[in-house]
Amino acid sequence: MSYKYPYLNTDMPDKNEVLQKTPNKATKELIRKISGDGNETYLDRFASQQPQCSFGLNGTCCRMCQWGPCRITEKSPRGICGRSQDDIVISNIIRSLVSGLAAHGRHAHEIIYTIKGIAEGKINLKLKGITRIYEMAEKLELDIGNKTENQLAGEIADILVEDLGRMDNKNIRLLEVFAPEERKKLWGELGILPRSAAYEIMEALHMTTLGSCSDWKAIAGQEKRSALAYCYSTLFGSSLATEILFGIPEPNETEVNYGVLKKDHVNILVHGHSPVMIEKVLEKINLPEIQQLARDYGAKGIVIGGLCCTGTELLARYGIPSVTNILGQEFVIGTGAVDCVVVDMQCVIPGMKILADCYGTQVITTCNSNRIPGAVHLPFDPEKPETLDEDAYTIAKTAVEAFKDRDRSKIHIPDVKTKAYGGWGYESIVDALGGLDNMAELLKQGRIKGIATVVGCNTPKVAYENNHVTIVKKLLESDILVLTTGCCSHALLNAGLCNRDAVDICGGGLKGVISEYGVPPVLAVGGCVDNTRTLRLFISLAEKLKKPMKDMPFMFVGPEPGNEKTVGQGLSFLMHGVSNLVGFPAPIPVPNPIPVKGSADGEMERGSNNIADYFGGNGAMEELGAKIYTEPVPELAAQTIKMHIKRKRNNLGWK
Ligand code: MSK
């Protein structure tokens, strides 16, 4: 059964449909187990929320002042203040976008201030990304002279801080040094070059508050400006700073999936996005006394498993097994085998703690922005790092101590483990595929028909992980190389697609590439901020082939959009001329087909509204050379992506 939403041209799945379609056998077992234990998950709460509000789904509810809420209908086409549907819809979207920008900005802030703390000798960590320090210093034209690596990193951090918070009318420095010339010129002509994350958030909220801007096109302009701030200040800022801090990732082989947990071990999960505190906690867990403590309590050892983007960061750097993503966080608690979850920031849902209480799992929060009632709280603050070592030790000890007190009678760990090859970065992809010249040639010859970055969250609105996995399998069959990050990467890692053995499902061209170069068909490139690695690759390949980005056979795919942060991910690529495909209609009224006036044979034409026409029609295409497609049915989504890539190749004269 599914929940019907005819005005969106789609359905949403109930628990039975998820059980039928979700690709991971372990997930099915755990959904049944948790229900059998009498506990609820997001699937039950999603059912209680049915039907979801049509105004919310269409983005036509305005809550940007205290006169409303106002809802747009045929009877009331304007809000109380006179605001139009277009103004309301675009304002809701930009507010989501800048929420995501704020989240990544806060993430960037923690990482960059950690670098500053290390450079000033206040934080007891060692910078590992020396190559990145020198590359950035050169790009930012710093005077290297006899400066130490820490001094240079400190100077780079200062520039990244300016990019987060600059108020005067100057460009984001990372945009100046990393964006393609052709795009910088275009953005300049469109008047959408951003100042900083903070300024653009301020301006977006300002423009959309009561009595401010009532020109939807001007708000759309601010949306594009904010998307560029998102991309270059917070994504590039976080990703590059993390590489300076912890080093550039190298591909490594490991095992992933729920079966990495062990009944007779202490099982600790790490969750969130910013792995600074956890880096220290790992150091403490490896201390002989903590290992001994685990044995004293009867455990045979300690297992660390990764959730969400902290999970993908640790997989990339240390080959630490990842387990699952945002919508799997309750399922893994339902194994009853998790002793402790250490969380930092973002994507930690309250339902996880509710279930943790049911299974006796300890939750430890480590970021002041992410408090959870009832959790042990030991925050990391890079500006007050004095207790970092001591707190990390307490976390390691508390996590191990949780093992001895827990009821172990409800444990069921699905026996599902998958071999995976993760930890790809910009440099390692280019090296593994024989250099940029060779990669460009592989694309031109059609051995790789195109590259899709398939990324992002999960949503309860499509059958869990089914869109991610189905779309990617179809793309591989058609010789489209896939790069992935974030929660999508957990689905693909667990499905065995980030493993060379998946070669058999690829088309002939891609099969040959995989066999020749020894790469897996899906390259897991890290957490959600690491989409910058893919963007750098797209930019470099377009430059190598002397083609504008908009002409290249590339696509951004977000099959299961969920978090507000996803809005900026897609728009970051759109701004570069890379079209998007999203797996569920955005909160924009769907342009439902309407009968052609006077047609006797039932002919239909595409419906229309300004915002859908801008993003999904000719507006963005004419301005940026890219548009957004929406398709919730995964088989049709894959078809759309293949057609898009084929069209690009035809226009380039490539077979
Ligand atoms: S964790 S932002 S649900 S990818 Fe980065 Fe996953 Fe999306 Fe959070």
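This structure is a prediction, so every number in the text was calculated from the model and none was measured.

**Overview of the site of the ligand**
All residues adjacent to the ligand are H273, C308, C309, I326, C347, G456, C457, G486, C487, C528, N563 and K565. Split into classes, the residues belonging to the shell around the ligand amount to seven nonpolar, four polar and one charged. Built from parts of two domains, the shell around the ligand gets at least three residues from each of domain 3 (252-410) and domain 4 (424-652).

**Quick look at the packing of aromatic side chains**
All told, the structure shown has 13 aromatic pairs when counted by the stated rule. When the ring of Y3 is compared with that of F46, the centres are 5.9 Å apart and the planes differ by 70°; the resulting orientation is edge-to-face. Taken together, the positions of Y3 in strand β1 (residues 2-5) and F46 in helix α3 (residues 42-48) put the pair 43 residues apart, joining distant regions of the chain. Of the aromatic side chains, those joined through ring pairs into one cluster are F178, W187, Y232 and F236. Just above the ring of Y199 sits the side chain of R195; from NZ or CZ to the centre is 4.1 Å. For the cation-ring pair, K410 lies above Y359, with the distance from its terminal atom to the ring centre recorded as 5.8 Å.

**Points about a nonpolar patch on the surface**
On the surface, W67, I80 and L210 cluster together into a nonpolar patch covering about 330 Å² of accessible area. By secondary structure assignment, the location of L210 is in the loop between α10 (197-207) and α11 (216-246).

**Observations concerning the domain arrangement of the protein chain**
The domain architecture assigned to the protein chain consists of domain 1 (3-53), domain 2 (85-246), domain 3 (252-410) and domain 4 (424-652). Every contact between the two is made by 38 residues of domain 2 and, on the other side, 34 residues of domain 4. Both faces combined, the contact of domain 2 with domain 4 buries some 3000 Å², and carbon together with sulfur accounts for 65% of it. The residue E623 makes a salt bridge to K224 at a minimum N-O spacing of 2.4 Å. At the boundary of domain 2 and domain 4, one finds 15 residue pairs in polar contact (both at pLDDT 80 or more). Among the elements that take part in the side of domain 2 that touches domain 4, α11 stands out by supplying 14 residues, more than any other. For the side of domain 2 that touches domain 4, the residue count by class is 20 nonpolar, eight polar and 10 charged.

Basis of the calculations
- Residues numbered from 1 in each chain as written.
- Predicted model: local features only at pLDDT ≥ 70, side-chain atom pairs only at ≥ 80, totals over all residues.
- Heavy atoms only, no water.
- Near = heavy atom within 4 Å.
- Nonpolar A, V, L, I, M, F, W, Y, C, P; charged D, E, K, R; others polar.
- Domains from an automatic or database assignment.
- Phe/Tyr/Trp six-rings, centres within 6.5 Å; stacked < 30°, edge-to-face > 60°.
- Helix = DSSP H or I, 4+ residues; strand = E, 2+ residues; numbered from the N terminus.
- Lys NZ or Arg CZ within 6 Å of the ring centre and 35° of its normal.
- Patch = residues over 30% accessible without salt bridge, like charges linked within 9 Å, V, L, I, M, F, W, Y side chains within 5 Å.
- Areas by Shrake-Rupley, 256 points an atom, 1.4 Å probe, with all protein chains shown as cover.
- Salt bridge = Lys/Arg side-chain N within 4 Å of Asp/Glu carboxyl O.
- Contact = heavy atoms within 4.5 Å.
- Buried area = accessible area lost by both parts, 1.4 Å probe.
- Polar contact = N/O pair within 3.5 Å; in protein donor to acceptor, adjacent residues only side chain to side chain.

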